[in-house]
Amino acid sequence: MKVFQHVQDLGDLSTALAEAQEVKRDRYQWKHLGVNKTALLIFFNNSLRTRLSTQKAAMNLGMNVIVLDVNQGAWKLETERGVIMDGDKSEHLLEAIPVMAQYCDIIGVRSFARFENRQDDYEERILNQFVLYSGRPVFAMETATVHPLQVFADLITIESHRRECNGRPKVVLSWAPHPKALPQAVPNSFAQWMRQADVDFVITHPEGYELDPLFAGNARVEYNQMKALADADFVYAKNWSCPGVTRPEDYGKVLDDYHTMMDWTIDQRHMDVTRDAHFMHCLPVRRGMIVTDDVIEGPRSLVIEEAGNREISATVVLKRLLESL
Ligand code: AN0
Ligand code: CP
């Protein structure tokens with residue numbers, strides 16, 4: 001595997017899930033693979049989980065790790081070609097990428113959607129430049145449109161609770177309110193991966209938040225949140241801004257004042273219509289907006305387990321990338 005961005009990059013998903021189980025059994029068994037190999041983790045945006053779990057995964061595999069926060073300490077990077085660089089940016093990404101590649105064997109990139117131009121975001125212009133100009137295997141640590149390490153961990157989490165469900169699990173991705181515009185990376189990837197998984201998948205969101213069919217395909221959408229949640233086994237809450245599928249001019253916008261959308265916050269009233277569902281969220285989460293304190297703290301909440309499985313998903317992915325060197 002030279003690039004990790006989409007579910008297809010892993011090949012057969014059940015093989016990858018079996019590999020995750022093998023990692024869980026003993027996460028240090030491939031310690032020899034990464035000896036004298038260096039992972040460079042590049043963050044254009046903040047992170048707690050991705051930063052820590054990916055470093056831990058690299059260490060599990062015996063790798064060295066370098067972490068770079070581009071906006072703190074490095075030169076500000078220009079990403080557009082053809083500009084006269086007379087502003088605050090001292091270096092161009094097109095020099096920075098091959099330079100950074102000199103010092104590592106594998107590169108992870110976190111670069112969120114910028115919401116300036118839908119096409120630039122959905123073409124993954126930043127990630128693709130790393131793929132093109134680094135000559136190294138590259139993996140997404142949440143890019144403009146995807147967050148595969150997160151949803152791989154989420155799927156590992158769902159798999160380990162599958163047996164508690166009565167038959168094929170019903171997994172509901174529910175939009176929830178948030179005061180600021182957030183990317184579509186998590187719901188895009190979640191939809192893409194759930195469509196490949198052995199689950200009954202339903203998406204619920206207010207009208208106007210339709211995910212790009214590139215990721216959601218023909219997944220079932222139920223606009224009535226309570227109807228969607230009925231008999232759910234897993235409730236995966238997440239906010240996302242307008243994907244701009246039907247109205248490109250709304251891309252990246254919060255369509256309604258969040259004060260008017262607080263019915264969508266996952267509280268016990270929502271959980272009561274489910275089949276005693278597990279609550280899931282990728283974190284970080286805003287309590288009182290996305291979910292109430294009692295639900296996230298309750299016995300059915302899986303949020304800490306999901307975060308723990310980030311180390312597992314990252315170990316599988318880095319192992320696959322190391323094997324390709
Ligand atoms: C980010 C997002 O929604 O994409 C990261 C989630 C893993 N969340 C925030 O910026 C709060
Ligand atoms: N879930 C997740 O990716 O968290 P961070 O943004 O803290 O890395």
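Keep in mind that this is a model prediction, so the values were computed, not measured.

*Asks:* Could you clarify how one ought to interpret the site of ligand 1 in this entry?
*Replies:* Taken together, Phe112, Glu142, His147, Leu182, Pro183, Lys238 and Leu283 are the residues near ligand 1. The separation between an oxygen atom of ligand 1 and a polar side-chain atom of Glu142 is 2.7 Å. Interatomic distance of 2.7 Å between a side-chain N/O atom of Lys238 and an oxygen atom of ligand 1. Look at ligand 1: alone it shows 330 Å² of surface, and the protein chains cover 82% of it.

*Asks:* Whenever I open this one, the sheet that holds strand β10 (residues 220-221) confuses me. Can you help?
*Replies:* In sheet architecture, strand pairing relies on hydrogen bonds along the backbone and comes in two forms, parallel and antiparallel. With parallel pairing, the 5 strands of this open sheet are ordered in space as β10-β9-β8-β11-β12. Pairing within the sheet leaves two strands with one partner each, and these edge strands are β10 and β12 (278-280). Relative to strand β9 (residues 200-204), strand β8 (residues 170-175) is paired through 5 bridges, and the arrangement is parallel. Paired with Ser174 across the bridge in β9 is Thr204.

*Asks:* Help me out: how do you make sense of the pairing of strand β3 (residues 64-69) in this one?
*Replies:* Successive side chains on a regular strand alternate, one facing one side of the sheet and the next facing the other. Both strand β2 (residues 38-43) and β3 contribute to a ladder of 6 bridges, which runs parallel. Bridging from a neighbouring strand, Ile42 pairs with Leu68 of β3. Regarding topology, helix α2 (residues 49-60) serves as the crossover connection from β2 to the parallel β3, and that connection is right-handed.

*Asks:* Which parts of the structure should I look at to understand the sheet that holds strand β7 (residues 138-140)?
*Replies:* Taken in spatial order, the 5 strands make up an open sheet running β1-β7-β6-β2-β3, and their pairing is parallel. One side of each edge strand has no neighbouring strand; the edge strands of this open sheet are β1 (3-4) and β3. Bridge count between β1 and β7: 2 bridges; the pairing is parallel. Paired with Phe4 across the bridge in β7 is Phe139.

*Asks:* What is the right way to look at the site of ligand 2 in this model?
*Replies:* Close to ligand 2 lie Ser47, Leu48, Arg49, Thr50, Arg110, His147, Gln150, Cys282, Leu283 and Arg310. A distance of 2.6 Å separates an oxygen atom of ligand 2 from a polar atom in the side chain of Ser47. When the free accessible area of ligand 2 is taken as 260 Å², the share hidden by the protein chains comes to 94%. A class-by-class count of the residues in the shell around ligand 2 yields 3 nonpolar, 4 polar and 3 charged. Taken domain by domain, the shell around ligand 2 gets at least three of its residues from each of domain 1 (3-146 + 310-323) and domain 2 (150-306).

*Asks:* Please clarify how the nonpolar core should be interpreted in this entry.
*Replies:* Note that soluble globular proteins tend to have their nonpolar side chains buried in a common cluster. Among the nonpolar cores identified, the biggest contains 57 residues, and Phe139, Phe152, Phe190, Trp193, Phe201 and Ile203 are the most heavily contacted of them. In terms of residue count, the dominant contributor to this core is helix α12 (residues 303-323) (7 residues). A domain split of this core shows at least three residues from each of domain 1 (3-146 + 310-323) and domain 2 (150-306). For Phe190, the residues in contact, after removing those within four places along its chain, are Val151, Asp154, Ile158, Val171, Leu173, Phe201 and Tyr236. Counting 18 residues, the second-largest nonpolar core is a separate cluster that includes Ala176, Val235, Ile290 and Val295.

*Asks:* So what exactly am I meant to see when it comes to the domain arrangement of the chain here?
*Replies:* Many authors give the size of an interface as the accessible area that is lost as the parts come together. Taken domain by domain, the chain comprises domain 1 (3-146 + 310-323) and domain 2 (150-306). For domain 1 and domain 2, the distance between their C-alpha centroids amounts to 25 Å. Taken together, the 28 residues of domain 1 in the interface contact 31 residues of domain 2. Contact between domain 1 and domain 2 buries roughly 2,300 Å² in total, counting both sides, with carbon and sulfur atoms accounting for 66%. Looking at the side of domain 1 facing domain 2, the largest losses of area belong to Phe115, Arg118 and Tyr122, adding up to 29% of the total buried there. Asp212 serves as the salt-bridge partner of Arg118, at 3.0 Å between the closest nitrogen and oxygen. Along the contact surface separating domain 1 from domain 2 lie 10 residue pairs in polar contact (both at pLDDT 80 or more). Here the residues of the side of domain 1 that touches domain 2 sort into 16 nonpolar, 6 polar and 6 charged.

Here is what the cut-offs are and how they apply
Residues numbered from 1 in each chain as written. Chains lettered and ligands numbered in written order. Predicted model: local features only at pLDDT ≥ 70, side-chain atom pairs only at ≥ 80, totals over all residues. Heavy atoms only, no water. Near = heavy atom within 4 Å. Polar contact = N/O pair within 3.5 Å; in protein donor to acceptor, adjacent residues only side chain to side chain. Areas by Shrake-Rupley, 256 points an atom, 1.4 Å probe, with all protein chains shown as cover. Pairing = 2+ DSSP bridges. Helix = DSSP H or I, 4+ residues; strand = E, 2+ residues; numbered from the N terminus. Right-handed = clockwise from strand over helix to strand, strands pointing away. Nonpolar A, V, L, I, M, F, W, Y, C, P; charged D, E, K, R; others polar. Domains from an automatic or database assignment. Core = buried A, V, L, I, M, F, W, Y, C linked by side-chain atoms within 4.5 Å. Buried < 20%, exposed > 50% of the residue type's maximum accessible area, 1.4 Å probe, protein only. Contact = heavy atoms within 4.5 Å. Buried area = accessible area lost by both parts, 1.4 Å probe. Salt bridge = Lys/Arg side-chain N within 4 Å of Asp/Glu carboxyl O.

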